Amino acid sequence: MASDALSLVGIALGLGLVLAAEGTFAYAAYWAFNIRRALTVRVYRNHALAVGLVSLGWIVIFLDYVVVSHISTVGFTVLNILVTTAFFYFIDAAVLDGRLSDPLLRDTLHWREIRRWVWVIYGVAAVASTVISAYYSVTTGWTLENPSLAPAWVNIVGAQLYIPVAIVVGLAALPITAIRSRDPLLRRQLEWFAAFIVILLAGGPIPSTPAYAVLTFLQQLGMAVCLYKSARSLAPVGRIPKLELEHLPG
Amino acid sequence: MASSGVPALDKVLAGAGYPDKSTVLVVGPPGIGKEALGYWFAQSGLAQGEFCLYVTRLSVSEVLQDQKGFGIEGRSAPFWMASEGGQVKYDVNDLAGLSFRIKEVLKQNGQSRMRVVIDSLSSLLMLNPPETIYKFLTQLFADIKQYDVVLLATLEEGMHKPEVLAAMQQLFDGVVEMRLYEEGLSVIPLLRVRKMRGLPPHPAYYNFSFTRTGMEVSAYGK
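Residues numbered from 1 in each chain as written. Chains lettered and ligands numbered in written order. Predicted model: local features only at pLDDT ≥ 70, side-chain atom pairs only at ≥ 80, totals over all residues.

1. Considerations on the overall build of chain B
Piece 1. The helix and strand inventory of chain B stands at seven helices and ten strands.
Piece 2. Its C-alpha atoms give chain B a radius of gyration of 16 Å, near enough to 17 Å, the size a compact globule of 222 residues would have.
Piece 3. Dimensions of chain B along its principal axes, counting C-alpha atoms only, are 50 × 40 × 35 Å.
Piece 4. Residue burial in chain B is summarised as follows: out of 222 residues, 45% are buried.
Piece 5. Put simply, 70% of the contacts in chain B that link residues at least 6 apart link residues at least 24 apart. (Helix = DSSP H or I, 4+ residues; strand = E, 2+ residues; numbered from the N terminus. Rg over C-alpha atoms; globule rule 2.2 N^0.38 Å. Buried ≥ 20, exposed ≤ 12 C-beta atoms within 10 Å, placed from the backbone. Contact = placed C-beta atoms within 7 Å.)

Dropping the structure here:
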(Lines give C-alpha, C1' and ligand atoms only; values in the text may rest on other atoms or scores of the structure.)
Protein backbone atom coordinates (compact mmCIF):
# COMPACT_ATOMS: atom_id res chain seq x y z
CA MET A 1 0.00 0.00 0.00
CA ALA A 2 2.78 2.40 0.99
CA SER A 3 4.72 1.66 -2.19
CA ASP A 4 1.55 2.17 -4.26
CA ALA A 5 1.05 5.58 -2.65
CA LEU A 6 4.71 6.39 -3.22
CA SER A 7 4.52 5.49 -6.90
CA LEU A 8 1.33 7.55 -7.24
CA VAL A 9 3.15 10.53 -5.72
CA GLY A 10 6.04 9.87 -8.09
CA ILE A 11 3.75 9.77 -11.12
CA ALA A 12 1.98 12.95 -10.01
CA LEU A 13 5.32 14.67 -9.42
CA GLY A 14 6.65 13.53 -12.79
CA LEU A 15 3.48 14.57 -14.60
CA GLY A 16 3.52 17.94 -12.86
CA LEU A 17 7.13 18.55 -13.84
CA VAL A 18 6.50 17.52 -17.44
CA LEU A 19 3.48 19.82 -17.71
CA ALA A 20 5.37 22.69 -16.04
CA ALA A 21 8.35 22.26 -18.37
CA GLU A 22 6.22 21.97 -21.52
CA GLY A 23 4.08 24.92 -20.44
CA THR A 24 7.14 27.08 -19.80
CA PHE A 25 8.65 26.14 -23.17
CA ALA A 26 5.35 27.07 -24.81
CA TYR A 27 5.25 30.37 -22.88
CA ALA A 28 8.84 31.11 -23.97
CA ALA A 29 7.84 30.50 -27.60
CA TYR A 30 4.76 32.67 -27.16
CA TRP A 31 6.83 35.60 -25.83
CA ALA A 32 9.47 35.24 -28.51
CA PHE A 33 6.84 35.34 -31.28
CA ASN A 34 5.02 38.17 -29.53
CA ILE A 35 8.16 40.30 -29.39
CA ARG A 36 8.98 39.37 -32.96
CA ARG A 37 5.56 40.64 -34.07
CA ALA A 38 6.13 43.98 -32.32
CA LEU A 39 9.58 44.54 -33.86
CA THR A 40 10.17 45.92 -37.32
CA VAL A 41 13.79 45.43 -38.34
CA ARG A 42 14.51 42.05 -39.94
CA VAL A 43 17.70 41.21 -38.02
CA TYR A 44 15.96 41.57 -34.66
CA ARG A 45 12.79 39.84 -35.83
CA ASN A 46 14.90 36.88 -37.01
CA HIS A 47 16.60 36.71 -33.61
CA ALA A 48 13.24 36.54 -31.84
CA LEU A 49 11.97 34.00 -34.38
CA ALA A 50 14.99 31.78 -33.67
CA VAL A 51 14.29 31.77 -29.91
CA GLY A 52 10.66 30.90 -30.64
CA LEU A 53 11.63 28.07 -32.97
CA VAL A 54 14.11 26.61 -30.44
CA SER A 55 11.35 26.68 -27.80
CA LEU A 56 8.85 25.00 -30.10
CA GLY A 57 11.44 22.44 -31.20
CA TRP A 58 12.23 21.58 -27.63
CA ILE A 59 8.56 21.02 -26.83
CA VAL A 60 8.51 18.35 -29.56
CA ILE A 61 11.85 16.79 -28.56
CA PHE A 62 10.80 16.58 -24.91
CA LEU A 63 7.43 15.09 -25.86
CA ASP A 64 9.30 12.52 -27.95
CA TYR A 65 11.37 11.52 -24.90
CA VAL A 66 8.49 11.43 -22.48
CA VAL A 67 5.47 10.27 -24.42
CA VAL A 68 6.61 8.48 -27.56
CA SER A 69 9.96 7.17 -26.26
CA HIS A 70 11.41 7.64 -29.73
CA ILE A 71 9.77 7.66 -33.05
CA SER A 72 11.68 5.73 -35.74
CA THR A 73 15.45 6.26 -35.92
CA VAL A 74 15.20 8.19 -39.19
CA GLY A 75 12.28 10.18 -37.83
CA PHE A 76 14.29 11.01 -34.73
CA THR A 77 17.25 12.08 -36.88
CA VAL A 78 15.01 14.38 -38.91
CA LEU A 79 13.46 15.81 -35.73
CA ASN A 80 16.92 16.35 -34.27
CA ILE A 81 18.02 18.09 -37.47
CA LEU A 82 15.02 20.44 -37.33
CA VAL A 83 15.74 21.42 -33.73
CA THR A 84 19.49 21.79 -34.33
CA THR A 85 18.68 23.92 -37.37
CA ALA A 86 16.67 26.21 -35.09
CA PHE A 87 19.79 26.45 -32.84
CA PHE A 88 21.94 27.18 -35.86
CA TYR A 89 19.48 29.83 -37.03
CA PHE A 90 19.70 31.34 -33.55
CA ILE A 91 23.51 31.52 -33.79
CA ASP A 92 23.26 33.16 -37.22
CA ALA A 93 20.67 35.72 -36.07
CA ALA A 94 22.44 36.50 -32.77
CA VAL A 95 25.78 37.17 -34.47
CA LEU A 96 24.14 39.52 -37.00
CA ASP A 97 22.16 41.23 -34.22
CA GLY A 98 25.27 41.54 -32.02
CA ARG A 99 27.21 43.33 -34.75
CA LEU A 100 24.72 46.19 -34.67
CA SER A 101 25.23 46.73 -30.95
CA ASP A 102 29.01 46.77 -31.30
CA PRO A 103 29.91 50.48 -31.55
CA LEU A 104 32.78 49.59 -33.87
CA LEU A 105 30.44 47.50 -36.03
CA ARG A 106 32.90 44.60 -36.18
CA ASP A 107 31.85 41.59 -38.22
CA THR A 108 32.53 38.63 -35.90
CA LEU A 109 34.58 35.97 -37.77
CA HIS A 110 33.63 37.77 -41.02
CA TRP A 111 30.23 36.18 -40.44
CA ARG A 112 28.38 38.27 -43.02
CA GLU A 113 30.77 37.00 -45.69
CA ILE A 114 31.02 33.36 -44.66
CA ARG A 115 27.56 32.66 -43.30
CA ARG A 116 26.14 31.43 -46.62
CA TRP A 117 28.99 28.92 -46.96
CA VAL A 118 28.61 27.79 -43.36
CA TRP A 119 24.90 27.23 -44.00
CA VAL A 120 25.83 25.12 -47.05
CA ILE A 121 28.25 23.02 -44.96
CA TYR A 122 25.58 22.61 -42.29
CA GLY A 123 23.00 21.59 -44.92
CA VAL A 124 25.33 19.02 -46.48
CA ALA A 125 26.09 17.58 -43.03
CA ALA A 126 22.37 17.35 -42.24
CA VAL A 127 21.54 15.58 -45.51
CA ALA A 128 24.49 13.18 -45.11
CA SER A 129 23.36 12.38 -41.56
CA THR A 130 19.83 11.59 -42.74
CA VAL A 131 21.16 9.35 -45.53
CA ILE A 132 23.56 7.49 -43.19
CA SER A 133 20.84 7.08 -40.59
CA ALA A 134 18.34 5.78 -43.17
CA TYR A 135 20.89 3.46 -44.81
CA TYR A 136 21.94 1.67 -41.59
CA SER A 137 18.42 1.66 -40.26
CA VAL A 138 17.11 -0.13 -43.37
CA THR A 139 20.08 -2.43 -44.10
CA THR A 140 21.04 -3.52 -40.56
CA GLY A 141 18.00 -2.64 -38.44
CA TRP A 142 20.14 -0.13 -36.52
CA THR A 143 18.25 1.91 -33.93
CA LEU A 144 19.24 4.16 -31.05
CA GLU A 145 18.35 1.30 -28.70
CA ASN A 146 20.53 -1.18 -30.66
CA PRO A 147 23.60 0.85 -31.52
CA SER A 148 25.83 -2.21 -31.99
CA LEU A 149 24.11 -3.00 -35.31
CA ALA A 150 26.05 -0.21 -37.04
CA PRO A 151 29.77 0.57 -37.14
CA ALA A 152 31.09 2.65 -34.23
CA TRP A 153 31.62 5.77 -36.38
CA VAL A 154 27.91 5.86 -37.21
CA ASN A 155 27.07 5.97 -33.50
CA ILE A 156 29.70 8.55 -32.66
CA VAL A 157 29.19 11.20 -35.31
CA GLY A 158 27.94 9.54 -38.50
CA ALA A 159 24.26 10.05 -37.83
CA GLN A 160 24.71 13.49 -36.30
CA LEU A 161 27.34 15.18 -38.46
CA TYR A 162 25.46 18.48 -38.34
CA ILE A 163 25.72 18.82 -34.54
CA PRO A 164 29.52 19.40 -34.43
CA VAL A 165 29.11 22.06 -37.14
CA ALA A 166 26.55 23.92 -35.00
CA ILE A 167 28.61 23.46 -31.81
CA VAL A 168 31.88 24.69 -33.36
CA VAL A 169 30.24 27.73 -34.95
CA GLY A 170 28.28 28.55 -31.79
CA LEU A 171 31.28 28.19 -29.49
CA ALA A 172 33.43 30.31 -31.78
CA ALA A 173 30.99 33.08 -32.64
CA LEU A 174 28.62 33.63 -29.72
CA PRO A 175 31.16 34.45 -26.97
CA ILE A 176 32.87 37.00 -29.23
CA THR A 177 29.49 38.48 -30.11
CA ALA A 178 28.57 38.80 -26.43
CA ILE A 179 31.90 40.40 -25.53
CA ARG A 180 31.80 42.90 -28.39
CA SER A 181 28.18 43.89 -27.90
CA ARG A 182 27.56 46.89 -25.64
CA ASP A 183 23.87 46.08 -25.37
CA PRO A 184 23.28 44.76 -21.83
CA LEU A 185 19.96 43.26 -22.89
CA LEU A 186 21.50 41.25 -25.72
CA ARG A 187 24.21 40.05 -23.36
CA ARG A 188 21.58 38.98 -20.83
CA GLN A 189 19.66 37.23 -23.59
CA LEU A 190 22.77 35.32 -24.66
CA GLU A 191 23.63 34.50 -21.04
CA TRP A 192 20.20 32.93 -20.45
CA PHE A 193 20.50 31.03 -23.69
CA ALA A 194 23.95 29.81 -22.64
CA ALA A 195 22.48 28.69 -19.30
CA PHE A 196 19.84 26.74 -21.28
CA ILE A 197 22.62 24.99 -23.24
CA VAL A 198 24.71 24.28 -20.11
CA ILE A 199 21.73 22.64 -18.36
CA LEU A 200 20.97 20.70 -21.54
CA LEU A 201 24.52 19.34 -21.68
CA ALA A 202 24.63 18.66 -17.94
CA GLY A 203 21.95 15.99 -17.85
CA GLY A 204 21.27 12.63 -19.46
CA PRO A 205 18.54 12.52 -22.03
CA ILE A 206 16.60 9.31 -21.48
CA PRO A 207 14.69 8.60 -18.27
CA SER A 208 15.22 4.95 -17.37
CA THR A 209 14.41 4.82 -13.64
CA PRO A 210 11.75 6.89 -11.81
CA ALA A 211 14.37 8.83 -9.80
CA TYR A 212 16.36 9.50 -12.93
CA ALA A 213 13.18 10.51 -14.75
CA VAL A 214 12.34 13.10 -12.07
CA LEU A 215 15.87 14.51 -12.35
CA THR A 216 15.51 14.68 -16.13
CA PHE A 217 12.16 16.45 -15.85
CA LEU A 218 13.69 18.91 -13.37
CA GLN A 219 16.48 19.50 -15.85
CA GLN A 220 13.91 20.20 -18.58
CA LEU A 221 12.08 22.62 -16.31
CA GLY A 222 15.36 24.44 -15.64
CA MET A 223 16.02 24.62 -19.38
CA ALA A 224 12.51 25.92 -20.00
CA VAL A 225 12.90 28.69 -17.40
CA CYS A 226 16.22 29.76 -18.97
CA LEU A 227 14.65 29.82 -22.43
CA TYR A 228 11.72 31.87 -21.13
CA LYS A 229 14.13 34.36 -19.52
CA SER A 230 16.06 34.45 -22.78
CA ALA A 231 12.85 35.20 -24.71
CA ARG A 232 11.88 37.98 -22.27
CA SER A 233 15.33 39.55 -22.76
CA LEU A 234 14.88 39.94 -26.52
CA ALA A 235 13.67 43.53 -26.12
CA PRO A 236 12.87 45.89 -23.26
CA VAL A 237 9.15 45.63 -22.61
CA GLY A 238 7.63 48.13 -20.19
CA ARG A 239 4.24 48.77 -18.66
CA ILE A 240 2.32 52.00 -19.06
CA PRO A 241 2.02 53.65 -15.64
CA LYS A 242 -1.62 53.66 -14.50
CA LEU A 243 -1.48 57.41 -13.94
CA GLU A 244 -0.50 57.99 -17.54
CA LEU A 245 -3.32 55.81 -18.83
CA GLU A 246 -5.67 58.54 -17.58
CA HIS A 247 -4.18 60.83 -20.21
CA LEU A 248 -5.17 58.71 -23.17
CA PRO A 249 -6.40 60.75 -26.11
CA GLY A 250 -10.09 60.79 -26.86
CA MET B 1 7.81 73.47 -39.94
CA ALA B 2 9.50 70.44 -41.45
CA SER B 3 7.28 67.50 -42.30
CA SER B 4 8.31 64.25 -40.63
CA GLY B 5 7.51 62.47 -43.90
CA VAL B 6 4.77 60.55 -42.10
CA PRO B 7 1.43 62.37 -42.49
CA ALA B 8 -0.06 60.56 -39.47
CA LEU B 9 2.88 61.66 -37.29
CA ASP B 10 2.64 65.21 -38.61
CA LYS B 11 -0.94 65.24 -37.34
CA VAL B 12 0.28 64.26 -33.87
CA LEU B 13 2.85 67.07 -34.12
CA ALA B 14 0.17 69.77 -34.38
CA GLY B 15 -0.42 69.02 -38.04
CA ALA B 16 2.80 70.22 -39.62
CA GLY B 17 5.80 68.25 -38.42
CA TYR B 18 8.93 69.22 -36.52
CA PRO B 19 9.51 72.90 -35.63
CA ASP B 20 11.91 74.96 -37.74
CA LYS B 21 15.53 75.02 -36.58
CA SER B 22 14.85 72.26 -34.11
CA THR B 23 16.71 69.19 -32.92
CA VAL B 24 14.65 66.06 -32.43
CA LEU B 25 15.66 62.83 -30.70
CA VAL B 26 13.97 59.51 -31.48
CA VAL B 27 14.46 57.03 -28.63
CA GLY B 28 13.57 53.35 -28.70
CA PRO B 29 14.87 49.81 -28.38
CA PRO B 30 16.84 48.21 -31.21
CA GLY B 31 14.62 46.89 -33.98
CA ILE B 32 11.51 48.96 -33.28
CA GLY B 33 11.95 51.10 -36.40
CA LYS B 34 13.46 54.41 -35.21
CA GLU B 35 15.62 54.67 -38.29
CA ALA B 36 12.48 54.57 -40.47
CA LEU B 37 11.52 57.97 -39.05
CA GLY B 38 14.95 59.17 -40.21
CA TYR B 39 14.44 57.69 -43.69
CA TRP B 40 11.04 59.32 -44.17
CA PHE B 41 12.24 62.61 -42.72
CA ALA B 42 15.14 62.65 -45.20
CA GLN B 43 13.00 61.56 -48.15
CA SER B 44 10.38 64.18 -47.36
CA GLY B 45 13.04 66.89 -47.40
CA LEU B 46 14.61 65.65 -50.61
CA ALA B 47 11.19 65.55 -52.28
CA GLN B 48 10.80 69.26 -51.44
CA GLY B 49 14.23 70.06 -52.88
CA GLU B 50 15.92 70.54 -49.53
CA PHE B 51 19.51 69.54 -48.88
CA CYS B 52 19.77 66.48 -46.69
CA LEU B 53 22.79 65.11 -44.82
CA TYR B 54 22.56 61.54 -43.60
CA VAL B 55 25.15 60.52 -41.00
CA THR B 56 25.40 56.80 -40.31
CA ARG B 57 27.94 54.36 -38.95
CA LEU B 58 26.60 51.74 -41.40
CA SER B 59 27.56 51.51 -45.05
CA VAL B 60 25.36 53.26 -47.61
CA SER B 61 24.39 49.91 -49.16
CA GLU B 62 23.18 48.63 -45.78
CA VAL B 63 21.05 51.71 -45.22
CA LEU B 64 19.57 51.47 -48.71
CA GLN B 65 18.77 47.81 -48.15
CA ASP B 66 17.14 48.63 -44.82
CA GLN B 67 15.15 51.44 -46.45
CA LYS B 68 13.76 48.96 -48.96
CA GLY B 69 12.46 46.91 -46.04
CA PHE B 70 10.27 49.89 -45.16
CA GLY B 71 9.13 50.26 -48.76
CA ILE B 72 11.27 53.35 -49.32
CA GLU B 73 12.81 53.56 -52.78
CA GLY B 74 14.61 56.88 -52.57
CA ARG B 75 14.58 58.59 -55.95
CA SER B 76 16.87 61.33 -54.71
CA ALA B 77 19.84 60.51 -52.55
CA PRO B 78 20.94 62.48 -49.51
CA PHE B 79 24.53 63.57 -48.92
CA TRP B 80 26.03 60.57 -47.19
CA MET B 81 28.45 60.61 -44.31
CA ALA B 82 28.88 56.86 -43.85
CA SER B 83 31.44 54.23 -42.90
CA GLU B 84 31.46 53.03 -46.55
CA GLY B 85 30.13 54.31 -49.83
CA GLY B 86 29.38 57.87 -48.78
CA GLN B 87 30.70 61.20 -50.06
CA VAL B 88 32.39 61.69 -46.69
CA LYS B 89 33.85 58.94 -44.52
CA TYR B 90 32.31 58.59 -41.07
CA ASP B 91 34.79 57.50 -38.45
CA VAL B 92 33.06 56.76 -35.17
CA ASN B 93 36.34 57.26 -33.25
CA ASP B 94 36.92 60.76 -34.58
CA LEU B 95 34.45 63.01 -32.78
CA ALA B 96 36.23 66.26 -33.61
CA GLY B 97 36.44 65.27 -37.28
CA LEU B 98 32.76 64.39 -37.33
CA SER B 99 31.76 67.76 -35.90
CA PHE B 100 34.07 69.58 -38.33
CA ARG B 101 32.77 67.69 -41.38
CA ILE B 102 29.10 68.20 -40.50
CA LYS B 103 29.70 71.94 -40.10
CA GLU B 104 31.66 72.08 -43.36
CA VAL B 105 28.90 70.34 -45.30
CA LEU B 106 26.26 72.65 -43.81
CA LYS B 107 28.41 75.71 -44.55
CA GLN B 108 28.70 74.68 -48.21
CA ASN B 109 24.93 74.29 -48.51
CA GLY B 110 23.92 77.06 -46.14
CA GLN B 111 21.76 78.88 -48.69
CA SER B 112 19.08 76.24 -48.78
CA ARG B 113 16.89 74.68 -46.14
CA MET B 114 18.56 71.61 -44.73
CA ARG B 115 17.85 68.42 -42.86
CA VAL B 116 20.35 66.34 -40.91
CA VAL B 117 19.80 62.76 -39.78
CA ILE B 118 22.23 61.13 -37.33
CA ASP B 119 21.70 57.37 -36.95
CA SER B 120 22.63 56.71 -34.25
CA LEU B 121 24.10 58.56 -31.28
CA SER B 122 24.45 55.34 -29.31
CA SER B 123 27.75 54.27 -30.86
CA LEU B 124 29.24 57.68 -30.00
CA LEU B 125 27.95 57.39 -26.43
CA MET B 126 29.40 53.90 -26.11
CA LEU B 127 32.87 54.98 -27.20
CA ASN B 128 33.08 58.29 -25.35
CA PRO B 129 32.27 59.52 -21.85
CA PRO B 130 28.73 61.01 -21.75
CA GLU B 131 30.12 64.44 -20.77
CA THR B 132 32.16 64.52 -23.99
CA ILE B 133 29.05 63.77 -26.05
CA TYR B 134 27.00 66.44 -24.22
CA LYS B 135 29.68 69.01 -25.04
CA PHE B 136 29.93 67.77 -28.63
CA LEU B 137 26.16 68.02 -29.15
CA THR B 138 25.78 71.34 -27.35
CA GLN B 139 28.46 72.86 -29.57
CA LEU B 140 27.11 71.21 -32.72
CA PHE B 141 23.56 72.42 -32.03
CA ALA B 142 24.77 75.95 -31.37
CA ASP B 143 26.68 75.93 -34.67
CA ILE B 144 23.99 74.42 -36.86
CA LYS B 145 21.30 76.74 -35.54
CA GLN B 146 22.98 79.51 -37.53
CA TYR B 147 21.45 77.78 -40.54
CA ASP B 148 17.92 76.77 -41.44
CA VAL B 149 18.39 73.20 -40.27
CA VAL B 150 16.19 70.57 -38.65
CA LEU B 151 18.20 67.73 -37.11
CA LEU B 152 16.86 64.30 -36.22
CA ALA B 153 18.96 61.82 -34.27
CA THR B 154 18.22 58.32 -33.00
CA LEU B 155 19.25 56.76 -29.71
CA GLU B 156 19.00 53.16 -28.57
CA GLU B 157 17.03 52.52 -25.43
CA GLY B 158 18.46 49.97 -23.02
CA MET B 159 22.09 50.53 -24.01
CA HIS B 160 22.71 53.54 -21.78
CA LYS B 161 22.16 54.37 -18.14
CA PRO B 162 18.81 56.07 -17.42
CA GLU B 163 20.55 59.24 -16.25
CA VAL B 164 22.50 59.43 -19.52
CA LEU B 165 19.28 58.94 -21.49
CA ALA B 166 17.54 61.64 -19.45
CA ALA B 167 20.43 64.09 -19.92
CA MET B 168 20.44 63.45 -23.67
CA GLN B 169 16.72 64.15 -23.86
CA GLN B 170 17.31 67.49 -22.13
CA LEU B 171 19.62 68.59 -24.94
CA PHE B 172 17.04 68.22 -27.69
CA ASP B 173 14.09 70.46 -28.58
CA GLY B 174 11.89 67.46 -29.19
CA VAL B 175 11.83 63.84 -28.07
CA VAL B 176 9.82 61.08 -29.73
CA GLU B 177 9.70 57.78 -27.87
CA MET B 178 9.00 54.45 -29.55
CA ARG B 179 8.70 51.66 -27.01
CA LEU B 180 7.32 48.20 -26.47
CA TYR B 181 4.67 47.80 -23.79
CA GLU B 182 3.09 44.79 -22.19
CA GLU B 183 -0.68 44.77 -22.48
CA GLY B 184 -2.12 41.65 -20.93
CA LEU B 185 -0.39 38.82 -22.73
CA SER B 186 0.51 40.92 -25.77
CA VAL B 187 3.42 43.17 -26.62
CA ILE B 188 2.46 46.35 -28.44
CA PRO B 189 4.64 49.09 -29.89
CA LEU B 190 3.57 52.58 -28.81
CA LEU B 191 4.80 56.02 -29.75
CA ARG B 192 4.80 59.14 -27.61
CA VAL B 193 5.94 62.71 -28.17
CA ARG B 194 7.60 63.38 -24.84
CA LYS B 195 8.29 66.97 -25.69
CA MET B 196 8.39 69.23 -28.73
CA ARG B 197 9.37 72.86 -28.80
CA GLY B 198 6.34 75.04 -29.35
CA LEU B 199 3.87 72.33 -28.38
CA PRO B 200 2.19 71.91 -25.01
CA PRO B 201 3.12 68.79 -23.01
CA HIS B 202 1.62 65.83 -24.81
CA PRO B 203 1.45 62.72 -22.64
CA ALA B 204 -0.73 60.65 -24.99
CA TYR B 205 0.34 57.28 -26.39
CA TYR B 206 -0.17 56.23 -29.99
CA ASN B 207 -0.22 52.84 -31.66
CA PHE B 208 1.99 52.64 -34.69
CA SER B 209 2.69 50.10 -37.38
CA PHE B 210 4.68 50.00 -40.57
CA THR B 211 3.09 49.16 -43.89
CA ARG B 212 4.54 48.90 -47.38
CA THR B 213 3.40 52.46 -48.04
CA GLY B 214 4.44 54.12 -44.80
CA MET B 215 3.67 54.32 -41.13
CA GLU B 216 0.26 54.30 -39.54
CA VAL B 217 -0.26 56.12 -36.27
CA SER B 218 -3.49 56.01 -34.29
CA ALA B 219 -4.48 57.06 -30.79
CA TYR B 220 -3.90 54.27 -28.28
CA GLY B 221 -6.98 53.08 -26.50
CA LYS B 222 -9.43 54.01 -29.24
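Don't stop here, the text continues.
2. Some remarks on the overall build of chain A
Piece 1. Summing up its helical and strand segments, chain A has nine helices and one strand in all.
Piece 2. Listing the helices and strands of chain A from first to last along the sequence gives α-α-α-α-α-α-α-α-β-α.
Piece 3. With respect to the three principal axes, the spread of C-alpha positions in chain A is 65 × 55 × 30 Å.
Piece 4. A total of 250 residues make up chain A; the buried ones form 40% of that total.

3. A closer look at the nonpolar core
All names here are of chain A.
Piece 1. Core analysis: the biggest nonpolar cluster contains 127 residues, and F90, I91 and L227 have the highest contact counts within it.
Piece 2. The leading source of residues in this core is helix α3 (residues 73-100), at eleven residues.
Piece 3. With residues up to four places along the chain from it excluded, the contact list for F90 reads A50, V51 and V54.
Piece 4. One finds I132, Y136, W142 and A150 within the second-largest nonpolar core, a separate group that totals six residues. (Core = buried A, V, L, I, M, F, W, Y, C linked by C-beta atoms within 7 Å.)

4. Let's talk about the interface of chain A and chain B
Piece 1. Across the contact, 29 residues belong to chain A and 32 residues belong to chain B.
Piece 2. The set of elements that each furnish at least two residues to the side of chain A that touches chain B consists of α1 (2-38), α2 (42-68), α7 (184-202) and β1 (237-238) of chain A.
Piece 3. Across the side of chain A that touches chain B, the residue classes tally to 17 nonpolar, six polar and six charged.
Piece 4. Of the pairings in the sheet, the one linking β1(A) to strand β7 (residues 174-183) of chain B comprises two bridges and is parallel in character. Bridge pairing in β7(B) links A:V237 to B:L180. (Nonpolar A, V, L, I, M, F, W, Y, C, P; charged D, E, K, R; others polar. Pairing = 2+ DSSP bridges.)

5. Digging into the pairing of strand β6 (residues 149-156) of chain B
Residues and elements named next belong to chain B.
Piece 1. The element β6 is extensively covered by neighbouring structure, given that eight of its eight residues are classed as buried.
Piece 2. Burial along β6 is two-sided: the residues V149, L151, A153 and L155 and V150, L152, T154 and E156 are all buried.
Piece 3. As defined by bridge partners, strand β1 (residues 23-28) adjoins β6 across six bridges and the pair is classed as parallel. Directly across from V27, in β6, lies its bridge partner L155.
Piece 4. Pairing of strand β5 (residues 114-119) with β6, which is carried by five bridges, proceeds in the parallel orientation. Among the inter-strand pairings, R115 is bridged to a residue of β6, identified as V150.

6. A closer look at the environment of B:R113
Residue and element names in this part refer to chain B.
Piece 1. Following the sequence through the fold, R113 ends up in the loop between α4 (95-108) and β5.
Piece 2. When the C-alpha atoms of R113 and C52 are compared, they prove to be 8.7 Å apart, with 61 residues separating the residues in sequence.
Piece 3. Apart from the residues within four sequence positions on either side, R113 is in contact with E50 and D148.

7. Let's talk about the environment of A:T77
All names here are of chain A.
Piece 1. Mapping T77 onto the fold places it in helix α3.
Piece 2. Separated by 49 residues in the primary sequence, T77 and A126 have C-alpha atoms spaced 9.1 Å apart.
Piece 3. Apart from the residues lying within four places of it in its own chain, the contact partners of T77 are S129, T130, S133 and A159.

8. Description of the confidence of the model for chain B
Piece 1. On average, residues of chain B score 92 in pLDDT, and 100% of them are at 70 or above.
Piece 2. Both scores are available for the predicted complex, with the pTM at 0.91 and the ipTM at 0.91. (pLDDT = per-residue confidence, 0-100.)

9. Examining the packing of α3(A) against helix α6 (residues 162-180) of chain A
All names here are of chain A.
Piece 1. In the contact formed by α3 and α6, the axes pass within 9 Å of each other and the chain directions differ by 25 degrees. As the angle between them shows, α3 and α6 are arranged roughly parallel. Of the two elements, α3 crosses α6, and the hand of that crossing is left-handed. Across the interface between the two elements, I81, T84, F87, F88, I91, A94, V95 and G98 of α3 pack against Y162, I163, A166, V169, G170, A173, L174, T177 and R180 of α6. (Axes fitted to C-alpha atoms, helices over the stretch in contact; angles between N-to-C directions. Parallel < 35°, antiparallel > 145°, perpendicular 65-115°, else oblique. Left-handed = near helix turned anticlockwise from the far one by under 90°.)

10. Quick look at the packing of helix α4 (residues 111-140) of chain A against α6(A)
Residues and elements named next belong to chain A.
Piece 1. The geometry of α4 relative to α6 is characterised by a closest axis approach of 8 Å and an angle of 155 degrees between their N-to-C directions. Judged by the angle between their axes, α4 and α6 are roughly antiparallel. Between α4 and α6, the contacting residues are W111, V118, I121, Y122, A125, A126 and S129 on the first element and Y162, V165, A166, V169 and A173 on the second.
Piece 2. Within the contact of α4 with α6, the residues separate by chemical class into eleven nonpolar, one polar and no charged.

11. Section: unusual backbone geometry
Piece 1. In this model, B:D119 is joined to B:S120 through a cis peptide bond whose omega is 5 degrees.
Piece 2. Its location among the elements puts B:S120 in the loop between β5 and α5 (122-127).
Piece 3. Although it is not a glycine, A:L105 adopts a positive phi angle of roughly 55 degrees.
Piece 4. Positionally, A:L105 belongs in the loop between α3 and α4.

12. Describing the environment of A:S55
Residues and elements named next belong to chain A.
Piece 1. Following the sequence through the fold, S55 ends up in helix α2.
Piece 2. Note on S55: 27 C-beta atoms within 10 Å, which makes it buried.
Piece 3. C-alpha separation for the pair S55 and L227, spaced 172 residues apart in sequence, amounts to 7.0 Å.
Piece 4. Filtering out sequence-adjacent residues up to four positions away, S55 remains in contact with F25, A28, A29, A32, L227 and A231.

13. A few points about the pairing of strand β9 (residues 206-211) of chain B
Residues and elements named next belong to chain B.
Piece 1. One ladder, built from two bridges, connects strand β8 (residues 186-196) with β9; its direction is antiparallel. Paired with L191 across the two strands is Y206, which belongs to β9.
Piece 2. The pairing of β9 with strand β10 (residues 214-219) spans six bridges and is antiparallel. The residue bridging Y206 from the neighbouring strand is A219, located in β10.

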